[in-house]
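# Architecture and fold: a report
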Amino acid sequence: MSIGLVLRGIFSALFVASVLRISTPLILPALGGLISDLAGVINIALEGIMLVAAFTGVVVSAYTQNVWLGVLAGLAVGTLFSLILALFHLYLKTDIILAGIALNIMAQGGTVFLLFTLTGDKGSSASLASGTVPRVVIPLLHDVPVLGTILSGHHIFTYLAFLLAVVVAVFLYRTPLGTHLRAVGENPEAAASVGINVVRVQTIAIGLSGLLASLGGLSLSMAYLSFFQNNMTAGRGFIALAAIFLGGRTPWGTLLAAVFFGFADALANQFGSLQVPPQWVQMIPYAATVIALVVYNVRRRRQAIERARRMQEQLHAQGTAFGGGD
Amino acid sequence: MSSPPLIEMRDIVKVYPNGVVANDGVHFTVEPGEIHALVGENGAGKTTLMKILYGLESPTQGEIRLRGRPVHFRSPLDAIAHGIGMVHQNFMLIPSFTVAENIVLGQEPRHRMLVDREAALQITRELSQQYGLRVEAEAVVDSVPVGMRQRVEILKTLYRGAEILILDEPTAVLTPQETQELFQAIRALVAQGKTVIFITHKLREVKEISDRVTVMRNGRVMGTLPTAQATTDQLARMMVGRDVLLTVEKPPAQPGEPVLEVRDLTYVSETGRTMLRDVRFTVRAGEILGVAGVEGNGQTELVEVLTGLRPATGGSARVRGREILNATPRQVRLSGVAHIPEDRLNNGLALTATINENLIVDRYFRPPFLRGLFIDSQVVQEHGVRLIQAFDIRAPGGDVPVASLSGGNMQKVIVAREFSAEPVLLIAAQPTRGIDVGATEFIRRQLVEKRSGGTAVLLISADLAEVMSLSDRLVVMYEGQITGVFPQVDRVSEEELGLYMLGLRRQTPEEMEAYL
């Protein structure tokens, strides 16, 4: 296959649609991670929470033969799993990074162990008849060329991801709880001094991050794929963390950064058809993450220096005449 | 008096889990409508007592009565509900929030499910007007001056319905003018029926603002008396338990060769703010050059750039002709510079290490401490014993962790290390901040002694009285620049310096040239 075909692939409506699909399991945990990060408790266990939720959803939907029961169970178990982090960090005072790493390892090993116990297979749950959430076909729009392909026919989680970006933004900046959450993250002592219960707010933040990460996990095993796979998150929980920082710790920035990483991932899929060693192609999303973070920081620094230079010139231009009060 | 006092704290005992007795049977009463000063050295238990009153700490024993009724505060919320508000020493504000958002934080006005921002602005403006505390409701706190932040803190407590305001060392960060403004505001509050408890260790302020004063020492109350009947000497004696030299005896300076020459020093922070701009000055052997200024005008950056803790952006700084900018801290120290950092807990000491260890961190790599590959513990031990004695560090021994010492004794450990390094240049940043009168007196005397012995001293202090009494020459820093130089400190008043500190007045480079 030639590079021309790849390029044509990228500039197609199908490709854009695939970016949205692939971004979904990044946007959701990133938004969750943003909530806990702004509350001052960085949730490094997003990866593990996603795995646990993805696994639970598949198993429960297979045994109950009800997709929605599976989704509910996944959300519940994923959120509870995240609250273990809250328990260890906030109540038992363990280091949050260590506790997060422990949860991730536990999730990876635990899901495989249970998977093997239930199916006798360590690789995937393909033998279980689990369900997937329905696709949403938007009437009328679905039949519009290009736009219909891009916007219609996705799994429900994809729409939810973008909708939740709005919800999270409103929650963080307009609601009392969101305001308290940001206050706690910025100056916990100050928040406590006006009667905000810091530990409670941080527990809620971790719980919400768990809920959103669980949605992300479920979108992998019950929408993107229709079964659970050993370590199927493949680092998405960590890329989500990177998206938060690349996005400047704002909901919109985080959303954009997550979509960017989704784009890199989709690109890797396209390149998969070229005569390039697959390892190189698989590196694309991760390399993009590193490069994006570097570029972001270099640019921020340069902007800062530029701003300083302009300010200094301005001051020099005003000479010693300047000197305002407060 | 027939009616019960507004606040009555009876027999308060507070023992911390680590065994420290912070309050030991304290009785403290406040009458309605008074300004009550609470004074004492650091570690005397003032702040603990107020934290108990504000519900931040629970007393081990004792009783609090409010208007004659016993109360139990489990959290600040309880205290707030009873009309008690506290303005903490380190401001309890959220830097990225606006003034209005900070004022309503925790009790936001709501519209449906959301925070009603308009109402918050409205509330802020009304409160600001009612109490004559000028603030900009929409400004982000990070960008407003310290004086306004303090007014925000006071408005915060008033919004929560405070009738009793506890102000914890409110003047520590203010210029003389801002202090006067604060005092006016306090008087206005009292005129509107509020009661103010004012924590300080500046006795002059006690005399100026308070109606009654309570003195604490070692977790006990040494007495409460009407301010009009107390002299500062008397109060100082009650605080320390002996006579204190409030002024430092200082023989005239005999400045010698230039030791530190700073020229066109510029520093742009990582966030792109110009923190130091074309700073130039000289410190000579045998003199103390004081740097006055409101905190946050580049003093911290100046010290850190000079000591190798931050890279400079431009300019030069020479110690006896040798460039020290952008050298490593060790190179700077090896060229004869000693440094008493302003943040003693983070930069001055390794808290979990012992006193002896802290006393050798700048010299362990040299003989006699280093013998071959190993540190000679015998030498370290003897070195520790000698300095602990010479600098009157009150500790059970040299092998206890520094963290177990009081603030004043921690500072003495630093002073002992830096002074015994026999520096040609001593950079002392806030050397007596937050430490008790006894240790303050000791450190000030040591500084003057060092200078009289020929050391060049660069003294940075937010305590205007301190820079004025210790310095031989003085410069004022404002927004990262030197805006005034005063070759004769006794010829300038606090008020005049205040004008320079606020940026309302400045000398031209030509005027300053001859003295820098």
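Each remark here, short or long, concerns the structure printed above.
Attention in this report is confined to the structure presented alongside it. What you see is a predicted model; the values in this text were computed from it and never measured.

Right, let's talk about the overall build of chain A for a bit. Helix and strand counts for chain A stand at 13 helices and two strands. Taking 20 Å as the expected radius of gyration for a compact globule of 326 residues, we find that chain A reaches 22 Å, a close match to that expectation. When its C-alpha atoms are laid out on the principal axes, chain A stretches across 80 × 55 × 40 Å. When each of the 326 residues of chain A is scored for burial, the buried share is 51%. Counted over contacts in chain A with a minimum sequence separation of 6, partners at least 24 positions apart contribute 74%. Just so you have it, chain A exposes about 14900 Å², and 69% of that area is on carbon and sulfur atoms.

Next up on the list: empty space enclosed by the protein. In this structure the tally under the stated criterion is four cavities of 30 Å³ or more. Of the volumes computed, that of the largest cavity is approximately 110 Å³. Secondary-structure elements contributing two or more residues to the lining of the largest cavity are strand 6 (84–87) and helix 5 (146–159) of chain B. Residues belonging to the lining of the largest cavity are distributed by class as follows: seven nonpolar, four polar and three charged. Looking at the second largest cavity, the residues that line it are Tyr173(A), Thr179(A), Arg182(A), Glu101(B), Val104(B), Leu105(B), Glu108(B), Val115(B) and Arg117(B). Residues of the lining of the second largest cavity, tallied by class, amount to four nonpolar, one polar and four charged.

Let us look at the environment of Ala416(B). Residues and elements named next belong to chain B. With respect to the helices and strands, Ala-416 occurs in helix 14 (residues 407–420). Note on Ala-416: relative accessible area 0%, which makes it buried. Between the C-alpha atom of Ala-416 and that of Ile-324, which follows or precedes it by 92 residues, the distance is 24 Å. Non-local contacts of Ala-416, meaning those with residues more than four positions away in its chain, are made with Leu-359, Leu-387, Phe-391 and Ile-393.

What counts as what
Residues numbered from 1 in each chain as written. Chains lettered and ligands numbered in written order. Predicted model: local features only at pLDDT ≥ 70, side-chain atom pairs only at ≥ 80, totals over all residues. Heavy atoms only, no water. Helix = DSSP H or I, 4+ residues; strand = E, 2+ residues; numbered from the N terminus. Rg over C-alpha atoms; globule rule 2.2 N^0.38 Å. Buried < 20%, exposed > 50% of the residue type's maximum accessible area, 1.4 Å probe, protein only. Contact = heavy atoms within 4.5 Å. Areas by Shrake-Rupley, 256 points an atom, 1.4 Å probe, with all protein chains shown as cover. 1 Å grid on protein atoms, 1.4 Å probe; cavity = no way out; pocket = protein on both sides within 12 Å on 5 of 7 lines; lining within 4 Å. Points joined across faces, edges and corners; volume = space filled by probe spheres on them. Nonpolar A, V, L, I, M, F, W, Y, C, P; charged D, E, K, R; others polar.

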